[in-house]
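In case you want the letters, here they are:
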Amino acid sequence: MENMKLKLRIWRQGGKFPQGKFVDYELDGVNDHMSFLEMLDVLNEKLINKKEDPIAFEHDCREGICGTCSLVINGYPHGPMQQTTACQLHMRHFRDGDTITIEPWRSRAFPIVKDLVVNRDSFDRIIQAGGFISVDTGQAQDGNAIPIEKDQASHAFDAATCIGCGACVAACPNASAMLFVGAKVSHLAQVPQGKVEADSRVQRMIAQHDAEGFGRCSNITACEAECPKGISVEHIARLNRQYIASTLGSEKVAN
Amino acid sequence: MATSTAKRTGSRVGWFGKFLTSSIGQKIIMSLTGLFLITFLVVHLIGNLQLIMSNDDGYAFNSYAYFMTNNPVIKTTSILLYAFIVLHAIQGILLWSKNRKARGEQRYAVKVDRTAGGSKSSIYMGSLGMVILAFIIVHMVQFWGQMHFSESIGPFEAEGYEGAKDLYALVAATYENIGMVIFYVVAMIFIAFHLWHGFQSAFQTLGLNHKKYTPLIKAVGYVYSVLVPLGFAVIPIVMYLRHQGVL
Amino acid sequence: MPFQSNVPPGELSEKWKQYRSSMPLVAPNNKRRLEVIIVGTGLAGGAAAATFGELGYKVKVFTFHDSPRRAHSIAAQGGINAAKNYQNDGDSIYRLFYDTIKGGDYRSREANVHRLAEVSVNIIDQAVAQGVPFAREYGGLLSNRSFGGVQVSRTFYARGQTGQQLLLGAYQSLSRQISLGNVQLFNRHEMIDLVMEDGKARGIIARNLLTGETERHGAHAVVLGTGGYGNVFYLSTNAMNSNGSAAWRAVKQGAYMANPCFTQIHPTCIPVSGEYQSKLTLMSESLRNDGRVWVPKSQEDAAAIREGRKTGLDIAEQDRDYYLERRYPAFGNLVPRDVASRAAKTACDEGLGVSPTGLAVYLDFDAAIQRYGKSRAHSLNEYNADDLRIRELGVAVIEEKYGNLFEMYEKITGEDPYVMPMKIYPAVHYTMGGLWVDYNLQTNVPGLFAIGEANFSDHGANRLGASALMQGLADGYFVLPYTIGTYLSQEIRNPVVDPDGPAFRAAEAKSQERIDRLMNINGTKSAEAFHRELGKIMWEYCGMARNAEGLRKGRKMIRELRQEFWSNVYVPGRIKEYNPELEKALRVADFLELGELMMLDALDRNESCGGHFREEYQSEDGEALRRDDEYAYVSAWEWDDTEPVLHKEELIFENVELKTRSYK
């Protein structure tokens with residue numbers, strides 16, 4: 001379809017709308033080869049030409065890997081297509097005359113900056129709390145010194161593929177970030193280099209997760225369904241296991 | 001600026017307190033109390049089936065009830081049971097309010113809850129739980145309360161059961177009322193939905209997720225969450241029908 | 001200003017080792033007092049910030065992103081080279097050095113490239129120690145694959161997300177230093193000017209993108225790891241926000257821009273689909289390991305495909321021209337990027353393009369599916385497998401190797417690449433040019449360093465695949481942490497840089513004035529519209545093929561566009577708020593100057609080499625004609641609003657013989 005007409009219901013917040021509200025826009029001339037963000041570009045260009053305030057939305061790589069884009073489209077974080085970021089969603093999945101509702105990630109730990117842009121510093125702070133292996137530059141031994149079983153390396157990768165977009169939190173009815181934390185804990189726990197500080201890592205990351213005000217996981221699995229990289233909730237189970245073992249099975253009193 | 005601002009729980013709480021109050025610890029409390037209640041339901045069901053297993057005017061049931069109320073081990077366990085029900089409920093309410101807060105003040109205008117294997121029940125565990133809690137309160141007042149405090153229950157007259165009450169009569173009288181039968185059957189449906197998610201979720205929370213065994217746990221969970229509530233629901237229906245002379 | 005390469009004396013293979021052992025050091029107690037500003041948190045900036053933190057310097061790191069993890073290094077797909085010779089196929093440090101020099105068409109500095117090859121092996125070790133989940137063989141050891149322009153397998157990879165995994169490794173190390181308090185992170189902060197004091201780089205002016213406030217930050221040295229400027233073409237594989245502004249601000253303060261016209265056009269990108277297109281998506285070079293590139297032999301077939309009367313599947317084997325295999329039998333589909341891109345352009349110029357726009361060629365996996373299918377059937381003891389079964393098995397193998405890339409292709413185009421051959425076309429991908437730096441990675445401005453894609457140093461006129469990640473991490477982890485000592489050891493007597501001094505105040509006022517001016521134009525066209533126009537001019541006149549006449553015309557057009565921009569741009573919103581349009585306008589303003597310099601550089605270089613193809617200088621069979629006698633130099637440009645000044649650094653080759661690059 002070369003020329004779709006859409007009704008867009010977009011959350012605006014900041015500037016003219018300090019409390020935030022939905023504003024309706026009509027957009028025609030939408031081509032089905034456009035990406036969703038290109039469709040918003042077209043709308044913004046029109047708004048700018050009318051000297052109106054364009055819609056703020058975050059985006060960068062537009063190839064599904066940087067994790068910047070963060071739109072809830074018709075109730076789905078990143079839109080209705082699974083394992084697809086909003087930037088990789090194309091308009092061919094919508095129909096002429098559709099009404100599309102666009103909202104930001106909604107979580108207390110992701111305060112809104114403007115319109116559809118949220119602040120995800122809380123994710124950085126969780127990684128800073130322990131999402132790393134303590135190795136200084138130059139300390140490494142030869143890369144092949146420790147073999148890692150192919151499947152295990154692959155499982156570690158399945159967790160490491162997280163792009164830190166926050167769709168898991170946006171999707172979770174509890175606004176929990178367990179999939180994000182689980183992915184990092186699980187990635188690093190599955191490589192021998194990361195096992196050394198696995199106990200303190202999981203303790204510190206969970207403490208930070210809780211301090212940031214994320215909700216508690218109740219195994220709904222909406223996170224996995226909306227994760228653009230399809231990261232499985234089995235990594236949350238590994239996180240739980242690690243947490244229990246590192247508390248009850250470790251002689252350390254405080255981490 | 002994204003610098004580290006970890007708020008550490010004070011040392012006064014101690015490591016175990018810190019563990020139990022962490023997000024995972026809170027869920028572990030839910031999981032363990034839940035698993036205890038799941039086990040209890042089986043025992044409870046086996047006992048309750050005495051109501052209808054044999055058409056003996058309540059001999060089997062009354063003797064079972066006598067045993068349950070007089071055995072010191074069972075009595076201790078039952079205190080634990082009440083404590084766990086309360087703990088499960090309070091913790092559940094705390095989690096529910098915490099999770100609501102975590103979403104923030106502005107809720108989604110449109111939200112589709114798509115899951116990867118999780119059932120619809122998982123989203124409504126809190127609400128299901130609240131209904132079940134209300135049911136348990138009514139249920140306790142109706143039977144446990146009357147058993148302990150009501151003067152109107154007649155004695156169970158059988159050899160070796162001195163001082164026992166005729167609880168069978170109490171139950172049978174209750175289930176003569178079709179409204180009560182419906183109330184209990186509907187409550188069982190709520191419990192079934194709660195268990196549908198709760199059973200497998202308890203294992204996931206404990207970190208017991210395994211490519212080979214998780215499908216088995218889920219299957220057992222689904223069978224359990226249908227059969228056990230069904231077993232409970234059959235009892236009032238059968239008793240009602242017996243009273244009506246249909247059976 | 002000094003303009004010496006500062007390459008240490010000695011044998012090529014001993015230079016770095018000897019230099020490292022003899023260069024001045026900074027004592028730990030002094031490191032604590034020395035402040036370093038790093039702008040950019042990609043592979044180079046992130047790695048450098050983490051390493052400086054570990055070494056004990058006081059580090060401030062800046063990124064305009066919300067998180068260091070979003071830098072565009074994250075999008076690198078294929079892999080990272082290292083001369084490990086794990087495959088026992090004859091690789092060595094010298095061979096990686098030689099391949100890189102040759103691949104760069106002899107326009108890079110020998111000593112820098114050799115150092116890069118030397119430290120390449122340490123990068124892999126470091127990344128593995130950080131927990132990067134590289135691909136592995138069944139025995140648990142690291143796996144390799146081949147990339148264009150080489151005949152060994154030295155590319156390490158993590159599915160099609162190598163850049164992501166390496167960046168997350170650096171990001172995690174950086175996060176650790178932040179949590180230890182050694183590094184202070186300023187996210188959502190954009191550098192809008194460089195501050196000079198007494199002829200030295202002394203700090204930056206940054207704009208807090210959340211509040212719009214300007215801030216002054218002082219330091220003993222400033223490091224730019226701010227990436228390339230490929231977005232000057234508007235359409236490129238760079239992220240939307242990638243820009244050349246930090247580097248360009250430095251140029252405006254006197255830093256030289258080296259070889260700005262050397263841009264890499266990547267041969268395998270998804271073709272443009274329409275006017276609204278905002279960016280181009282790369283399909284990893286690793287696909288050329290198994291994909292075969294072709295166009296129809298006849299223009300009639302090509303026209304039929306363009307008009308939708310035929311598809312690629314309708315063209316019989318004998319009517320297909322596998323032009324890379326035909327023209328370059330020795331390297332076939334794995335010729336370097338510049339060669340493959342130009343060949344695609346030639347084919348499309350001859351009217352053989354296969355998309356409605358006429359600008360696409362096929363990348364076909366059918367042969368690979370057949371080959372892998374047969375091999376898998378054999379290993380499964382299915383000796384009598386029919387065609388369908390073989391296809392099924394072959395598709396499974398291809399899916400294991402390239403599944404995520406195929407999926408991405410299907411998402412974007414809506415076509416299934418397992419059935420229909422992929423359509424690809426070259427697109428701007430990387431800029432070999434960048435800030436001029438010496439052997440220490442210091443620009444001609446004392447105290448200002450440039451690392452990663454932001455400098456010009458290692459790739460000459462063409463970068464080989466999987467070498468960008470190598471260079472970024474080499475600079476950040478293993479080169480700059482040593483070489484910066486040569487400068488900082490002289491700075492220990494200046495313990496504090498006062499960000500409230502007059503130089504800082506003046507720079508801040510100047511930046512604010514520039515922003516005010518932009519906001520007050522209140523014209524009628526968006527910054528985006530200007531950017532789009534600039535991109536079209538750049539692609540038309542400074543793209544895959546250039547000529548003197550076009551370059552002169554292009555330069556004139558850019559100057560006109562720049563004038564129009566400063567009189568007719570419209571920037572909505574206010575200064576002191578979160579305002580992405582203002583950010584964009586500031587970047588486009590810089591691109592409008594940089595673009596002109598690129599035209600000028602391309603015009604100066606009367607030869608064809610690597611990514612720079614001047615139509616006037618080609619051999620009889622259309623290959624690039626290099627002119628070593630006159631153009632074996634690095635062009636280092638000093639900016640001037642009317643007539644930029646060219647400085648030349650002669651390239652001296654003592655260890656390799658300059659040959660015509662042949663992949664035939």
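Residues numbered from 1 in each chain as written. Chains lettered and ligands numbered in written order. Predicted model: local features only at pLDDT ≥ 70, side-chain atom pairs only at ≥ 80, totals over all residues. Heavy atoms only, no water.

Visitor: Looking at this structure, I do not really get the environment of B:Leu81. What am I missing?
Guide: All names here are of chain B. With respect to the secondary-structure elements, Leu81 resides in helix 5 (residues 72-103). A C-alpha to C-alpha distance of 32 Å links Leu81 and His243, two positions 162 residues apart in sequence. Here Leu81 is in contact with Phe36, Leu37 and Phe40, once residues within four sequence places are set aside. (Helix = DSSP H or I, 4+ residues; strand = E, 2+ residues; numbered from the N terminus. Contact = heavy atoms within 4.5 Å.)

Visitor: Any chance you could explain the interface of chain C and chain A here in plain terms?
Guide: If you look at the interface, chain C gives 77 residues, while chain A gives 74 residues. Roughly 6,200 Å² of surface becomes buried between chain C and chain A when both sides are summed, with 49% attributable to carbon and sulfur atoms. For chain C, the biggest contributors to the area lost against chain A are C:Arg70, C:Tyr276 and C:Lys411; these three give 11% of the whole. Counting across the chain C and chain A interface gives six salt bridges. Among the salt bridges present, the one from A:Asp136 reaches C:Arg176, with a minimum N-O distance of 3.0 Å. (Buried area = accessible area lost by both parts, 1.4 Å probe. Salt bridge = Lys/Arg side-chain N within 4 Å of Asp/Glu carboxyl O.)

Visitor: So what exactly am I meant to see when it comes to the pattern of salt bridges here?
Guide: Under the defined criterion, the tally for this structure stands at 79 salt bridges over all chains. The closest approach of N and O atoms between A:Glu103 and A:Arg106, which form a salt bridge, is 3.3 Å. For A:Glu103, a relative accessible area of 0% gives the class buried. Accessibility expressed as a relative area gives 3% for A:Arg106, which makes it buried. Between A:Glu234 and B:Lys211 there is a salt bridge, with its nearest N and O atoms 3.0 Å apart. A residue pair is termed interchain when its members come from two chains, as with A:Glu234 in helix 9 (residues 234-248) and B:Lys211 in the loop between helix 9 (178-205) and helix 10 (214-244). One salt-bridge network, in which partners are shared between bridges, spans C:Asp105, C:Arg107, C:Asp338, C:Arg605, C:Glu607, C:Arg626, C:Asp628 and C:Arg661. (Buried < 20%, exposed > 50% of the residue type's maximum accessible area, 1.4 Å probe, protein only.)

Visitor: Looking at this structure, how should I read a nonpolar patch on the surface?
Guide: Residue and element names in this part refer to chain B. A contiguous nonpolar patch, built from Trp196, Val223, Val226, Leu227, Leu230 and Val234 and spanning about 500 Å² of accessible area, is present on the exposed surface. Here Val234 is to be found in helix 10. Val234 sits in the partly exposed class, given a relative accessible area of 34%. (Patch = residues over 30% accessible without salt bridge, like charges linked within 9 Å, V, L, I, M, F, W, Y side chains within 5 Å. Areas by Shrake-Rupley, 256 points an atom, 1.4 Å probe, with all protein chains shown as cover.)

Visitor: What should I look at first to understand the domain arrangement of chain A in this one?
Guide: How big an interface is tends to be stated in terms of accessible area lost as the parts join. Residues and elements named next belong to chain A. Domain parsing of chain A yields domain 1 (4-114) and domain 2 (121-248). Centre-to-centre separation of domain 1 and domain 2, based on C-alpha positions: 29 Å. Taken together, the contact pairs 18 residues of domain 1 with 20 residues of domain 2. For the pair domain 1 and domain 2, the two sides together bury roughly 1,400 Å², of which 59% comes from carbon and sulfur. (Domains from an automatic or database assignment.)

Visitor: Explain the packing of aromatic side chains to me, please; I cannot follow it from the model alone.
Guide: What characterises a pair of aromatic rings is the spacing of the ring centres plus the angle enclosed by the ring planes. Under the counting rule described, the total for this entry stands at 52 aromatic pairs over all chains. Ring geometry for B:Phe135 versus B:Phe183: centroids 5.7 Å apart, planes at 45°, classification tilted. Placement of B:Phe135 in helix 7 (residues 125-149) and of B:Phe183 in helix 9 is noted, with a sequence separation of 48 residues between them. The exposure class of B:Phe135 is buried, given its relative accessible area of 8%. Pairing C:Tyr631 with C:Tyr633 gives two aromatic rings, centres 5.8 Å apart and planes at 40°, and the pair type is tilted. Note on C:Tyr631: relative accessible area 7%, which makes it buried. Site record: aromatic cluster; members linked through ring pairs are B:Phe135, B:Phe143, B:Tyr175, B:Phe183 and B:Tyr184. Sitting over the ring of A:Trp11, A:Arg106 keeps its end group 4.3 Å from the ring centre. One Lys or Arg, C:Lys525, reaches over the ring of C:Phe530 and ends 4.5 Å from the middle of that ring. (Phe/Tyr/Trp six-rings, centres within 6.5 Å; stacked < 30°, edge-to-face > 60°. Lys NZ or Arg CZ within 6 Å of the ring centre and 35° of its normal.)

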